[in-house]
Amino acid sequence: MEIVYVYTKKRSEFGRQCNFSDRPAELHVDILPDISLAANFTVRDPCNVTVQCAEEMSEHEVNTERFESESRGINHVEGGWPKDLNPEDMEVTIRYRKKVEKDEHYQNTIMQIAGLMEHCCKQNNATDIYQEFFEEEDDEVVEESEEQPSAKTINVFRDPNEVKRTATSLCWHPDGNHKLAVAYSSLEFQRAPNDMSFDSYIWDIENPNKPEMTLKPVSPLVCLEYNPKDSHILVGGSYNGQIAYWDTRKGSQPAEMSTIEHSHRDPVYKVIWLQSKTGTDIFSASTDGQVLWWDIRKMSEPFERLVLDPSKKGNLDNALGAVSLEFETTMPTKFMVGTEQGLVVSCNRKAKTPAEKIVCTYSGHHGPIYALQRNPFFPKNFLTVADWTARIWSEDIKESSIMWTKYHMAHLLDGCWSPVRPSVFFTVKMDGTLDVWDILFKQNDPTLSLKVCDEALCSIRVQDNGRFLGCGSQLGTTTLLEVSAGLCTLQKNEKAMVSEMFERETKREKILEARHREMRLKERSRSEQSREDEGKEADGEESTEELVARAEREFFDIMEAEKKKEKINKVYFVYTHDALCSSVIGEEAFELA
Amino acid sequence: MAEVEETIKRIQSQKGVQGIIIVNAEGIPIKSTLDNSSTVQYAGNVHQLLLKARGMVRDIDPQNDLTFLRVRSKKNEIMIAPDKDYFLIVIQNPTE
């Protein structure tokens, strides 16, 4: 229903001023109620209306821009001589001094404080007030073994660029541990914005405001390592597959870079310095399936190459992409590679043919192996961090790991052993938590779990003293944490207990492996027999479609069973919760099931 | 005047005392038994340390005040007795 009011005005009267006058009210439209419409509405009784009598306030947040401040100090050396006195002039200063000495106030003051001073001097001579008592008992009694394991953040280093990149790799400075080199890059495929900076930084841990030094590579660095023998040299593997090395004394530009033709075809995920007489050998791994050995003095081409082909034919197309490398200086002929496919490949450097280089593989992970490290105290056991678990393996057992953590809710992205305690290792997850595991204390859960930041933590490195660790996040924030003393001091019998634990688990796995082998043999002999007997049943392998259908069926069956179980549980709950209710409710609930 | 000299000599004769310096409120060393460069160094540094220490004590409790400051280092002990206008520094090698 449209309500329209029409009036007319003569053209000659346009633009005239308005003459206001009073007139009685006129009824233009009268809309009577239509009772039939009332049928469309129901009376709502009661009506709930919320009213609040409070001041209306609005919330605002303000944060100033980061203010960069530098600390500077001035040190006065020569005291505050009066203006007209020249401190260099000996006579004048001596005269001034003599004048002060004659002052009575001076004499009184000195007498007073000299008395106090004499007392302390004599005290010093009488006994040594800082003597260490109970020195021998220190080791046994005063151990803070009751202390709860904890870790606290000491410093946070943020990526100074506008566009934040992931801190993909960290490396502590080999001497003194006051510097941390962090490699920044964006590992998301083709999602790096155009104006992303390629720089990586070396931070001084005391100064989180500004990096101590910038490294400017041609392409963002994915991994970075200090030379353990020469702390001025760093080598970095970049996103475009090249390797570059820097000398911090020479500046931010790389001292030398590998040639593109001979470098990797994919980002270089790990570079490790080798133990060699010249101290200039490195090897690098990348997801293009190659492991290359370089001498940094001659970066034009690698001096050795290995293709990670599990069929041992050196075929690059079959090759497994490498995501992590492991090398222990105590075992210079062996090294291990963690692949994208979830296999750990153990290799021998000294093998004559490439086919012999790959010694064996360890399978058990479902996703790329982000971290691979041998236990510094028990090199036969190594830790792998991949998909949702961290696993500990023994070199002898190839079918499965000897110990593993439960499946977590978030992916584990990096991990490492503690260099001072054989039973402690650290892992970081995609939800930004850092877990500290102590396998002697608890195997099912981490001993300490800390939420470091809201974004994923992509890398972690522990300093050589085991006390400080740095972890890098997806937005380029590197956090420096200090772990409590209990987690970085070697406990009594720790080595013996850990070695016992590893041996026990290894033995268990060996027994299981033997059992599996036996069972498989039996199965095989049985199936062969049945084939001979019946001859018809094409037992063989089910086709993939059949397998899929069978898997689906099994899945839905399990779902149904679970649903039923849940309903029965609900019934139980109703029953027990309301003990006073009559059996009627109970029956009703039963009907639901 | 003579008493001051005597007192200083007495402290100097204590076992292990390596040097005494008297500094005024402006940081000018008035009397010293050490050479000029060490004196100037001690005077400047101790002055700043005293200001900080006194400031800290009074910050925590405004009614409190600094009476004495001992800095024990690996090689020796530096004792500082502060006052409103002057302070006395004694460097001693305590007997172990």
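Residues numbered from 1 in each chain as written. Chains lettered and ligands numbered in written order. Predicted model: local features only at pLDDT ≥ 70, side-chain atom pairs only at ≥ 80, totals over all residues. Heavy atoms only, no water.

- The name that an unreviewed UniProt entry assigns to chain B is Dynein light chain roadblock, with the source organism given as Cyprinus carpio.
- The Subcellular location (unreviewed entry) field of the UniProt record for chain B holds the comment "Cytoplasm, Cytoskeleton".
- Here is the UniProt Function (unreviewed entry) comment for chain B, exactly as written: "Acts as one of several non-catalytic accessory components of the cytoplasmic dynein 1 complex that are thought to be involved in linking dynein to cargos and to adapter proteins that regulate dynein function. Cytoplasmic dynein 1 acts as a motor for the intracellular retrograde motility of vesicles and organelles along microtubules." (UniProt positions renumbered as here; feature names shortened; annotations may be inferred.)

- Chain A has the name Dynein intermediate chain 3, ciliary-like in an unreviewed UniProt entry, where Cyprinus carpio is given as its organism.
- As recorded by UniProt, the Sequence similarities (unreviewed entry) comment attached to chain A reads in full: "Belongs to the dynein intermediate chain family."
- Entered under Subcellular location (unreviewed entry) in the UniProt record, the comment concerning chain A runs "Cytoplasm, Cytoskeleton, Cilium axoneme".

1. Focus on the nonpolar core
Moving on, step 1. In terms of nonpolar packing, the biggest core is built from 24 residues, with Y106 and M117 of chain A together with I11, L88 and V90 of chain B touching the most fellow members.
Moving on, step 2. Elements with a minimum of two residues in this core: helix 1 (90-102) and helix 2 (104-126) of chain A together with helix 1 (2-12), strand 1 (17-24), strand 4 (77-82) and strand 5 (86-92) of chain B.
Moving on, step 3. With seven residues, helix 2 of chain A is the single largest residue contributor to this core.
Moving on, step 4. In this view, L88 of chain B contacts I113, A114 and M117 of chain A together with I11, I20, I21, I22, M79, I80 and A81 of chain B; residues no more than four positions away in its chain are not counted.
Moving on, step 5. Ranked by size, the runner-up nonpolar core spans 18 residues in total, among them L274, L306, A322 and V337 of chain A. (Core = buried A, V, L, I, M, F, W, Y, C linked by side-chain atoms within 4.5 Å. Buried < 20%, exposed > 50% of the residue type's maximum accessible area, 1.4 Å probe, protein only. Helix = DSSP H or I, 4+ residues; strand = E, 2+ residues; numbered from the N terminus. Contact = heavy atoms within 4.5 Å.)

2. Some thoughts on unusual backbone geometry
For residues that are not glycine, phi is negative in most cases, and the peptide bond is trans in most cases.
Residue and element names in this part refer to chain A.
Moving on, step 1. The peptide bond linking D45 to P46 adopts the cis configuration, its omega dihedral lying at 5°.
Moving on, step 2. One non-glycine residue, D387, lies in the positive phi region at around 30°.
Moving on, step 3. Positive phi is not limited to glycine here, since N493 has a value of about 60°.
Moving on, step 4. Position of N493 relative to the elements: it lies in the loop between helix 4 (485-488) and helix 5 (494-534).
Moving on, step 5. On the accessibility criterion, N493 (57% relative accessible area) is exposed.

3. Some remarks on the interface of chain A and chain B
Moving on, step 1. Counting from both sides, the interface comprises 34 residues of chain A and, opposite them, 40 residues of chain B.
Moving on, step 2. Between chain A and chain B, roughly 3400 Å² of surface is buried when both sides are summed, and carbon and sulfur atoms account for 58% of that area.
Moving on, step 3. Contact with chain B buries surface across chain A, with M117, N124 and N125 of chain A losing the most and accounting together for 18% of the total.
Moving on, step 4. Scanning the region where chain A abuts chain B turns up one salt bridge.
Moving on, step 5. Here R10 of chain B makes a salt bridge to E118 of chain A, at a shortest N to O gap of 2.9 Å.
Moving on, step 6. Our enumeration of links across chain A and chain B arrives at six residue pairs in polar contact (both at pLDDT 80 or more).
Moving on, step 7. Going through the elements one at a time, helix 1 and helix 2 of chain A are the ones with two or more residues in the side of chain A that touches chain B.
Moving on, step 8. Per-element tally for the side of chain A that touches chain B: the top contributor is helix 2 of chain A, with 18 residues. (Buried area = accessible area lost by both parts, 1.4 Å probe. Salt bridge = Lys/Arg side-chain N within 4 Å of Asp/Glu carboxyl O. Polar contact = N/O pair within 3.5 Å; in protein donor to acceptor, adjacent residues only side chain to side chain.)

4. Topic: the sheet that holds strand 18 (residues 369-374) of chain A
Residues and elements named next belong to chain A.
Moving on, step 1. Spatially, 18-19-20-21 is the arrangement adopted by the four strands of the open sheet, whose pairing is antiparallel. Lying at the two open borders of the sheet, with one neighbouring strand each, are strand 18 and strand 21 (403-404).
Moving on, step 2. Alignment of strand 20 (residues 389-394) against strand 21, held across two bridges, turns out to be antiparallel. Looking at strand 21, one finds that I392 is bridged to M403. (Pairing = 2+ DSSP bridges.)

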